[in-house]
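# Structural features, examined
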Amino acid sequence: MSTVTIDYQVEGDIFNIQRFSLNDGPGIRTIVFLKGCPLSCWWCSNPESQRRRPVVMYNADKCMHCRRCEEVCKQHAVRFLKDGTRKFFYENCTGSGDCAAVCEYNALEMKGQRINVGELIKILKKDRSTFRHSGGGVTVSGGDPFMQAAFAGELFKACKAQGWNTAVETEGCAETEKIMSILPYIDTILLDIKHMDAEKHRQFTGVSNELILYNAQKMASVSPLVIRVPVIPKFNHSEEEIRSIAKFAFLLKNVKYIHLLPYHELGERKYQMLGMEYKMNRLSAVSLSNEALECYRNIVEKEGVRCRIGDES
Ligand code: SF4
Ligand code: SF4
């Protein structure tokens, strides 16, 4: 490969770095979570990722009701009601962090940090021996990393310059040209395909699936893909929906396997902490049985695509 120029000064917004992950690419991995997502899926387990700017999370268990956050918030995003409950108006919040700065009880935590590629590589270097011994590396997740294409691109290049394995977790809903320009620096692409029906996709995620399916075809034309399917009750939890995704994946011809990810409610508390509605509560719960998941595995494999479920290797 010709010499690659890397701009280590390019800045991006991240909200978490998670070490020692086993499920997001080969070996032991460090995941860098970038902020900003074009989708707002009802079941999203990282709602703090959706906005590009920082968001504040409120832990009611630690709050001493001193009301200092209400006093300093110029946006009136924090208000105490007559009965003493603290109400947070997510839509008003600009992410200034003024409230968290005055909270003496650590009840408020800002999620979002600006960092440049050089600073991030320094942090990731702590795990380089783990990468070497396990065959792991760095996974860039989100949000959707391609929403910060300039930053993600330089980050991937910098990781490759270190000799690390790279992976991306993406919704595939970004400008095609930007995605394609970054692919040469990514070893593993984990792409979400949630539904084949554009309208239903829009209803549950906020956007149509057309660009995502187009980008899936473009990506698969140059790189192998892992297709991730979150299996969501009342959305795609049916033989018909899973079969249609498997048929699409088969036609891509460059799909390593479909990875079925059973729905869980782990993110629900975060919605309370952010003052956001957890829309999954609008639906009456339907449990995902192991039998149903095994049935979906059979459907996927009958369509000629390998299948993996949840944490299995
Ligand atoms: S400043 Fe902190 S402890 Fe005081 S009311 Fe606000 S969240 Fe609660
Ligand atoms: S972060 Fe949001 S809630 Fe806190 S002071 Fe700023 S605008 Fe108000």
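Only a predicted model underlies this, so the values are computations on that prediction, with no experimental measurement involved.

## Brief notes about the overall build of the chain
A tally of helices and strands in the chain yields eleven helices and 13 strands. In terms of overall size, the chain behaves like a compact globule, its C-alpha atoms giving a radius of gyration of 21 Å where 313 residues would be expected to give roughly 20 Å. Principal-axis analysis of the C-alpha atoms places the extent of the chain at approximately 60 × 50 × 35 Å. For the chain, with 313 residues in total, the buried portion stands at 53%. At a minimum sequence separation of 6, the contacts of the chain that also span at least 24 residues come to 72%. Computed over 42 positive and 38 negative side-chain charges, the separation of the two mean positions in the chain equals 3 Å.

## Some details on the site of ligand 2
Looking at ligand 2, the residues that line it are Cys-73, Gln-75, Ala-77, Val-78, Phe-88, Cys-93, Thr-94, Gly-95, Ser-96, Gly-97, Asp-98 and Cys-99. By residue class, the composition of the shell around ligand 2 is six nonpolar, five polar and one charged.

## Some words on the domain arrangement of the chain
For the chain, the domain assignment lists domain 1 (11-50 + 113-309) and domain 2 (55-111). Opposite the nine residues of domain 1 that make contact, domain 2 presents nine residues. Summed over both partners, the interface of domain 1 with domain 2 comes to about 890 Å²; 61% of that surface belongs to carbon and sulfur atoms. Arg-269 is the partner of Asp-61 in a salt bridge, and the nearest nitrogen-oxygen pair spans 3.9 Å. There are two residue pairs in polar contact (both at pLDDT 80 or more) connecting domain 1 and domain 2. The element best represented in the side of domain 1 that touches domain 2 is helix H10 (residues 268-274), accounting for four residues. A class-by-class count of the residues in the side of domain 1 that touches domain 2 yields four nonpolar, one polar and four charged.

## Side note on the pattern of salt bridges
Pairing is possible between side chains of opposite charge, provided their charged atoms come close. One pass over the full model with this rule turns up 23 salt bridges. Asp-187 is paired through a salt bridge with Lys-160; the nearest N and O atoms lie 2.7 Å apart. Highlighted residues: Asp-187 in the loop between helix H6 (176-182) and strand S10 (188-192) and Lys-160 in helix H5 (residues 149-161), separated in sequence by 27 residues. On the accessibility criterion, Lys-160 (28% relative accessible area) is partly exposed.

## Considering the environment of Lys-74
Structurally, Lys-74 is set in the loop between helix H1 (68-72) and strand S4 (78-80). In sequence terms Lys-74 and Cys-99 are 25 residues apart; their C-alpha atoms lie 9.7 Å from each other. There is a polar contact of 3.4 Å between the side chain of Lys-74 and the side chain of Asp-98.

## Examining helix H7 (residues 198-205)
Taken together, the buried positions of H7 are His-201, Phe-204 and Thr-205. Buried residues along H7 cover an arc of 85° about the axis, so they all sit on one side. On its buried face, H7 is in contact with helix H8 (210-220). A side-chain oxygen of the first residue of H7 lies 3.2 Å from the backbone nitrogen of Glu-199; this N-cap is Asp-197. Phi for Gly-206, located one or two positions after H7, is positive at around 90°.

Procedures and definitions
- As a convention, each chain's residues are numbered from 1 in the sequence order in which they are written.
- Each chain is given a letter, starting from A, and each ligand a number, starting from 1, according to the order in which they appear as written.
- For this predicted model, a pLDDT threshold of at least 70 governs which residues receive local features, and a threshold of 80 or more governs which side-chain atom pairs are given and counted, while totals over whole chains, interfaces and linings are taken from all residues.
- Side-chain descriptors were evaluated using all non-hydrogen atoms of the structure, hydrogens and water having been removed beforehand.
- Helix and strand definitions here come from DSSP, where helices need a minimum of 4 consecutive H or I residues and strands a minimum of 2 consecutive E residues; each element is numbered from the N-terminal end.
- Each radius of gyration reported is based on C-alpha atoms, and the globular scaling rule is 2.2 Å times the count of residues to the power 0.38.
- Accessible area is worked out with a 1.4 Å probe on protein chains only. A residue is then buried under 20% of its type maximum, exposed over 50%, and partly exposed in between.
- Throughout, a contact is declared for two residues whenever any of their heavy atoms are within 4.5 Å.
- Only four residue types enter the charge count: Lys and Arg as positive, Asp and Glu as negative, with His and the chain ends excluded.
- In plain terms, the charge of a residue is placed at NZ if it is Lys, CZ if Arg, CG if Asp and CD if Glu.
- Here, proximity means that at least one heavy atom of the residue falls within 4 Å of the molecule or strand.
- Amino acids are sorted into nonpolar (Ala, Val, Leu, Ile, Met, Phe, Trp, Tyr, Cys and Pro), charged (Asp, Glu, Lys and Arg) and polar (every other residue, Gly among them).
- Segmentation into domains, and thus their bounds, comes from an automatic or database assignment.
- When two parts are put together, the accessible area they lose, computed with a 1.4 Å probe and summed over both, is reported as buried area.
- When a carboxyl oxygen of Asp or Glu lies within 4 Å of a side-chain nitrogen of Lys or Arg, that pair is called a salt bridge.
- Identification of polar contacts relies on pairs of N or O atoms within 3.5 Å, with a donor-acceptor requirement for protein atoms, meaning one able to donate a hydrogen and the other able to accept it, and with residues adjacent in sequence counted only if both atoms are side-chain atoms.
- Each direction from the helix axis to a C-beta atom contributes to the arc, which is the arc of those directions.

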